[in-house]
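These are the residues of each chain, in order.
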Protein chains: 2
Amino acid sequence: MLVEGNHSAHLYTVLFGLGFRYKLMVDGRRQILNYLLPGDLIGLQGSLMGEMQHSVEALSPMLLCVFEREQLHTLYRNHPGLAYDITWIASREEQMLDENLLSIGRRTAIERAAYLIAFIRARAAKVQVGRSSAQLPITQQHVADTLGLSLVHTNKTLRKLAEKKLIVWRDGGCEVLDIDALMKLARWERLQETLRPLV
Amino acid sequence: MLVEGNHSAHLYTVLFGLGFRYKLMVDGRRQILNYLLPGDLIGLQGSLMGEMQHSVEALSPMLLCVFEREQLHTLYRNHPGLAYDITWIASREEQMLDENLLSIGRRTAIERAAYLIAFIRARAAKVQVGRSSAQLPITQQHVADTLGLSLVHTNKTLRKLAEKKLIVWRDGGCEVLDIDALMKLARWERLQETLRPLV
DNA sequence: CGTACACTTGAGTAGGATCAATTGAAGTGG
DNA sequence: CCACTTCAATTGATCCTACTCAAGTGTACG
């Protein structure tokens, strides 16, 4: 979809669907950085710095609202409220990256998996991202590349969550059965209820 | 220094010194998120969202420029250029987090260590952060908590880098002997030269 | 001189990686 | 309708990276 190093990228707002940002190393190792849901911005780095250092892909059909990157300066000049909201959204994304970093750096495999699934589920609670509202349209390869684990070990870890009746893997996607138990297992407390600006 | 959940936090600009942002889990596991050097912002999340979800600590004496968080709205209204620069800095910090996430998720221990040290060294190249300009004032415990490794394994990994004559650990800090070799070892290419606004 | 902190090293273990198959569902083309 | 391919999920076996436990060294400081 959108690839790293793209100079002519625009700024987008996600209106519908699910996608993700990722980075690749030259030898093919992939790390998924975060997931993109309605309300998120895509391409802010590219708009500000002229080049995106990550790539973006869709997991389900996405509806985006396009914004010309050249207009960003104009927006900052004429619509300070919107400019503030953009910074707010960027800052919240950084907050999510922080938690993600804690997860990959310090949580065990099963904690990581539980955290990731609970987190996406919580974020997707109010918006529909997949074909059914209960299902998250991701493959185990995506989970592996998000958690920094191998595909095989990710599979075995997800099986453990399934055996505990916390999730079910069905129709090429993940259904959450018990989000509270997932959060507890991940030792994760909040998804703080913040007033979110609509851009 | 500044702790998580702080509501009355201000926004700061680092003028001098070295610090870091980190998160703790309830059982004490610590993950260092990134390092703060001159030109970086501290507390943007707190200013925008009312609460910081991470803590901050100094590694060397730091000189900060304080900014009242209540004035942020005013700044966005009256100084769109500065508002733009703040977003730029926030976005660059996110970019650094992205690379960090790739590192922890997909690089091996020695690659991670090489990347981290090369990265901090490269960022600190133009500004003095420790007592001598060559030395990075961090302990191996900090490195461990940044890389998501145990202290013991971090020590053994750093020894390997020292045996290869890439670094020297001296006077409770790290000196870089061959940054190019570190970058090559980490399979890390760029620290792109971006025009950086001064805030 | 005793304590504290950072760094170091060795031994044994475990969590996760790699390798190698297998299953099953969903196309696709004849 | 049936071979053929492809992709995702699954499982077992083996290996190795990184963890834990347990000391020990060196230096700074009161």
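Look up: the structure comes first, before these words.
Basis of the calculations
- Residues numbered from 1 in each chain as written.
- Chains lettered and ligands numbered in written order.
- Predicted model: local features only at pLDDT ≥ 70, side-chain atom pairs only at ≥ 80, totals over all residues.
- Heavy atoms only, no water.
- Helix = DSSP H or I, 4+ residues; strand = E, 2+ residues; numbered from the N terminus.
- Buried < 20%, exposed > 50% of the residue type's maximum accessible area, 1.4 Å probe, protein only.
- Contact = heavy atoms within 4.5 Å.
- Pairing = 2+ DSSP bridges.
- Axes fitted to C-alpha atoms, helices over the stretch in contact; angles between N-to-C directions.
- Parallel < 35°, antiparallel > 145°, perpendicular 65-115°, else oblique.
- Left-handed = near helix turned anticlockwise from the far one by under 90°.
- Nonpolar A, V, L, I, M, F, W, Y, C, P; charged D, E, K, R; others polar.

Novice: Looking at this model, I keep getting lost on the overall build of chain A. Mind explaining?
Specialist: Counting secondary structure elements, chain A contains seven helices and nine strands. By the burial criterion, 59% of the 199 residues in chain A qualify as buried. Sequence-distant contacts in chain A: of pairs separated by 6 or more residues, those separated by 24 or more amount to 68%.

Novice: Hey, could you run me through the sheet that holds strand E6 (residues 63-67) of chain B in this one?
Specialist: Within a beta sheet, neighbouring strands are joined by backbone hydrogen bonds and run either parallel or antiparallel to one another. Residue and element names in this part refer to chain B. The strand order E4-E1-E6 describes an open sheet built from three strands, whose pairing is antiparallel. Strands at the two margins of the open sheet, each flanked by one partner only, are strand E4 (41-42) and E6. Pairing geometry for strand E1 (residues 11-16) and E6, over five bridges, is antiparallel. Opposite Tyr 12, over in E6, you have Val 66 as the bridge partner.

Novice: Any chance you could explain the packing of helix H3 (residues 80-106) of chain A against helix H3 (residues 80-106) of chain B here in plain terms?
Specialist: The description of two helices packed together rests on the angle between their axes and the distance between the axes. Remark: H3 of chain A packs on H3 of chain B, axes separated minimally by 10 Å, with the N-to-C direction vectors making an angle of 20°. Classified by the interaxial angle, the pair formed by H3 of chain A and H3 of chain B is roughly parallel. Regarding H3 of chain A and H3 of chain B, the two cross each other, and that crossing is left-handed. Each of Ile 86, Thr 87, Ala 90, Glu 93, Glu 94, Leu 97, Asp 98, Asn 100, Leu 101, Ile 104 and Gly 105 of chain A in H3 of chain A lies in contact with H3 of chain B, whose residues at this interface are Ile 86, Thr 87, Ala 90, Glu 93, Glu 94, Leu 97, Asp 98, Asn 100, Leu 101, Ile 104 and Gly 105 of chain B. Grouping the amino acids of the contact of H3 of chain A with H3 of chain B by side-chain chemistry returns 10 nonpolar, six polar and six charged.

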